[in-house]
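Letter by letter, the chains look like this.
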Amino acid sequence: PVQATDADIFGAFLAQMGKAWDASDYRMCSFKHVFFDDLSTEAADGTLAPPTAQELQAKRAAAFAASDEALWSRADAHNPDPSRFCPVQLTGFQALHERHAAQQQTAARVASALHSSCD
């Protein structure tokens, strides 16, 4: 049997660490989390309407294909409202930052709408 040298072991360790931080590989990246996207749309009367079955199925299929299967399935089992919410995996710090920025923009729009309705 061929014995691995310290350099071989260290090289394998570095490769593994690189994969753990590579957000382009959603299966190997260590930083991944599943959030729920609300697919509801605003109806004419201002209430939230759930998505059509076709919209929901298409979004779920796309999200599942881009996710760690076990992580997504576990989140889907705890889905608070499967008729409206779709589990979506974020992988890497950049994806988390982008989601946070989008949520801040949404919160600002809601706050603005609430403020203008109070006037």
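Residues numbered from 1 in each chain as written. Predicted model: local features only at pLDDT ≥ 70, side-chain atom pairs only at ≥ 80, totals over all residues. Heavy atoms only, no water.

This brings us to the side chain of Thr91. As for its placement among the helices and strands, Thr91 is situated in strand 4 (residues 85–91). Among the polar contacts made by the side chain of Thr91, one reaches the side chain of Gln89 at a distance of 2.9 Å. The residues touching Thr91, leaving out its near neighbours within four places in the chain, are Ala23, Asp25, Tyr26, Cys29, Phe31 and Lys32. (Helix = DSSP H or I, 4+ residues; strand = E, 2+ residues; numbered from the N terminus. Polar contact = N/O pair within 3.5 Å; in protein donor to acceptor, adjacent residues only side chain to side chain. Contact = heavy atoms within 4.5 Å.)

The subject of this paragraph is the pairing of strand 4. Taken residue by residue, a regular strand's side chains alternate between the two faces of the sheet. In terms of burial, strand 4 is largely enclosed, as seven of its seven residues are buried. The side-chain alternation of strand 4 yields two buried faces, one formed by Phe85, Pro87, Gln89 and Thr91 and the other by Cys86, Val88 and Leu90. Pairing geometry for strand 1 (residues 32–38) and strand 4, over seven bridges, is antiparallel. Counterpart to Lys32 in the pairing with strand 4 is Thr91. (Buried < 20%, exposed > 50% of the residue type's maximum accessible area, 1.4 Å probe, protein only. Pairing = 2+ DSSP bridges.)

Where helix 2 (residues 53–65) meets helix 3 (residues 69–77), the closest approach of the two axes is 9 Å, and the angle between their N-to-C directions is 140 degrees. With respect to each other, helix 2 and helix 3 are oriented oblique. Across the interface between the two elements, Arg60, Ala63 and Phe64 of helix 2 pack against Glu69, Trp72, Ser73 and Asp76 of helix 3. Among the residues forming the contact of helix 2 with helix 3, the class breakdown is three nonpolar, one polar and three charged. (Axes fitted to C-alpha atoms, helices over the stretch in contact; angles between N-to-C directions. Parallel < 35°, antiparallel > 145°, perpendicular 65-115°, else oblique. Nonpolar A, V, L, I, M, F, W, Y, C, P; charged D, E, K, R; others polar.)

Taking 1.5 Å of rise per residue, the 13 residues of helix 2 would be expected to cover 18 Å, and the 18 Å separating its terminal C-alpha atoms lies within 8% of that figure. Along helix 2, the residues that are buried comprise Leu56, Arg60 and Ala63. What you see down the axis of helix 2 is that its buried residues fit within an arc of 70 degrees, all on one side. The exposed residues of helix 2 that point more than 90 degrees off its buried face are Gln54 and Ala65. Among the structural elements, helix 3 and strand 4 are those in contact with the buried residues of helix 2. (Expected span 1.5 Å × (residues − 1). Arc of directions from axis to C-beta.)

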